[in-house]
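So you can see what is in the structure, the chains are spelled out below.
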Amino acid sequence: MEVNHTGVNIAEQLGEVADAFAIPNYKRVAVVHDNASNMKLCTETLKKEPEKWGNVQGVYCSGHTLQLITKKADRTLDLTADQWKLAQETAEVLGPLITLTELLSQEEKVSLSATMQMLFNLKRRHLSPKEDDSPVIGEVKKTLVTEIDSRWKLSLLEPSSIYLLSSALDQRFKHLKFFTNEKKDLVYIEVVRLAEHLHQRQTVREVEGEPATSDREEETAVPPPKKKKQQDMLMQSESDDEEEQEHDGDSAKKEMEKYLRDTTTIQSGLLAWWKHNSDRYPKLACAAKHCLCVPATSTPSERIFSKAGYIVNKTRSSLLPENVDKLIFLAHNMCR
């Protein structure tokens, strides 16, 4: 970017890139970013343009966030040269965070759907207080839990959160064991709503024999999530539309009921599982494509930025911006 990296400027640049690649608004699902204030503002700016960005959500890079959490915990330590035991205990507490970061930073596998389950497991299994914890270790654990809750806003997660939708569409975590039954049902309702909408739009595009173009983007945007009162009504009864849909294959609600009872194991990855089972759950498969495309971290793009450092250097400092873009694109994709 040749202008200041303000949130508004970054949002404008993202819009230009998305337009250049002809990405319709219903495929602009999320923006994965670090915790910088300008990136938060960028996401908020994009949300103000639903005709271009639909219901885009901001996703904090899990790797960057875990790093910040670890640094916060480190500040509670005042180590001296003879405190090796304490250092070892601290390493044991922080070790699972490194493992979690590595798992969520994988580029070839679905990662966002595992984020919530892993965070709750981390809190319950590794960060819960123990009787033999020293005061310092107890404080470290307390700080880590507080930071996790705060940065991911775990107590404020909406049923329409991309984190929860993706978890519900992951065969491994679909039962959302970290949630109460009431909260689970609200998430499942949002998945059903999304699946019906996306499948309907896909059917329309197939009938018309053409992909959605820019002049139809507003029409194909995912509708905003329903309020809790509407969700409760959906839980108690089926609408006439749902009854009509059952005559033409199962409704997304019926698919969800079957899916939650499905005990099929994942053999070759989650995306392969959905591809194999898309005939059984055609509507849910649409929602799976929509949600599972989002990575949990910005590590893949960070790797690309690293390649830029090898391309733009002192001996090649006069490259035009458009040529830098092309060289980085080729360097990244031709080496895969």
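Look above for the structure.
My aim in this report is to walk through the structure given alongside it, one point at a time. (Residues numbered from 1 in each chain as written. Predicted model: local features only at pLDDT ≥ 70, side-chain atom pairs only at ≥ 80, totals over all residues. Heavy atoms only, no water.)

**Some words on the nonpolar core**
Okay, step 1: Counting residues in each nonpolar core, the largest one holds 62 residues, and the members touching the most others are Met116, Leu144, Trp152 and Trp274.
Okay, step 2: Counting residues domain by domain, this core receives three or more from each of domain 1 (7–74) and domain 2 (80–207 + 252–296).
Okay, step 3: Here Met116 is in contact with Trp152, Leu154, Leu157, Tyr163, Leu164, Ser167 and Phe178, once residues within four sequence places are set aside.
Okay, step 4: Formed by nine residues, the second largest nonpolar core is a distinct cluster that contains Ile10, Ala11, Cys42 and Trp53. (Core = buried A, V, L, I, M, F, W, Y, C linked by side-chain atoms within 4.5 Å. Buried < 20%, exposed > 50% of the residue type's maximum accessible area, 1.4 Å probe, protein only. Domains from an automatic or database assignment. Contact = heavy atoms within 4.5 Å.)

**Considerations on the packing of helix H14 (residues 270–277) against helix H15 (residues 282–292)**
Okay, step 1: For the pair H14 and H15, interaxial distance at closest approach is 10 Å and the crossing angle is 160°. Taken as axis vectors, H14 and H15 run roughly antiparallel relative to one another. In this structure, H14 crosses over H15, and the sense of that crossing is left-handed. Taking contact as the criterion, the partners of Leu270, Leu271 and Trp274 in H14 are, on H15, Leu284, Ala285, Ala288 and Leu292.
Okay, step 2: Residue classes in the contact of H14 with H15 are distributed as seven nonpolar, no polar and no charged. (Axes fitted to C-alpha atoms, helices over the stretch in contact; angles between N-to-C directions. Helix = DSSP H or I, 4+ residues; strand = E, 2+ residues; numbered from the N terminus. Parallel < 35°, antiparallel > 145°, perpendicular 65-115°, else oblique. Left-handed = near helix turned anticlockwise from the far one by under 90°. Nonpolar A, V, L, I, M, F, W, Y, C, P; charged D, E, K, R; others polar.)

**Comments concerning the packing of helix H6 (residues 112–126) against helix H7 (residues 135–152)**
Okay, step 1: Between H6 and H7, the least distance of the axes is 11 Å, while the angle of their chain directions is 160°. On the basis of the axis angle, H6 is roughly antiparallel to H7. The two elements H6 and H7 meet at a crossing, and its hand is left-handed. Residues Thr115, Met116, Leu119, Leu122, Lys123 and His126 of H6 touch H7, and the partners they reach there are Lys141, Val145, Ile148, Asp149 and Trp152.
Okay, step 2: For the contact of H6 with H7, the class distribution of residues is six nonpolar, two polar and three charged.

**Some points on a nonpolar patch on the surface**
Okay, step 1: A cluster of nonpolar side chains, contributed by Val17, Phe21, Ile23, Phe329, Leu330 and Met334, occupies part of the molecular surface with about 610 Å² of accessible area.
Okay, step 2: As for its position among the elements, Leu330 is in helix H17 (residues 321–333). (Patch = residues over 30% accessible without salt bridge, like charges linked within 9 Å, V, L, I, M, F, W, Y side chains within 5 Å. Areas by Shrake-Rupley, 256 points an atom, 1.4 Å probe, with all protein chains shown as cover. Salt bridge = Lys/Arg side-chain N within 4 Å of Asp/Glu carboxyl O.)

**Notes on the packing of aromatic side chains**
Aromatic rings considered in pairs are described by the distance between their centres and by the relative angle of their planes.
Okay, step 1: For the structure on display, the rule yields eight aromatic pairs.
Okay, step 2: Relative to Phe179, the ring of Phe178 lies with its centre 5.2 Å away and its plane at 65°, an arrangement referred to as edge-to-face.
Okay, step 3: Plain terms: the ring middles of Tyr259 and Tyr281 are 5.9 Å apart, the flat faces sit at 75° to each other, and that makes the pair edge-to-face. Note that Tyr259 is positioned in helix H13 (residues 252–261) and Tyr281 in the loop between H14 and H15, a separation of 22 residues in sequence. For the pair formed by Tyr259 and Tyr281, the shared burial category is buried.
Okay, step 4: Feature note: the residues Tyr259, Trp273, Trp274 and Tyr281 constitute an aromatic cluster, connected by ring pairs.
Okay, step 5: Across the ring face of Phe179, the terminal group of Lys183 is positioned such that the distance to the ring centre comes to 5.5 Å. (Phe/Tyr/Trp six-rings, centres within 6.5 Å; stacked < 30°, edge-to-face > 60°. Lys NZ or Arg CZ within 6 Å of the ring centre and 35° of its normal.)

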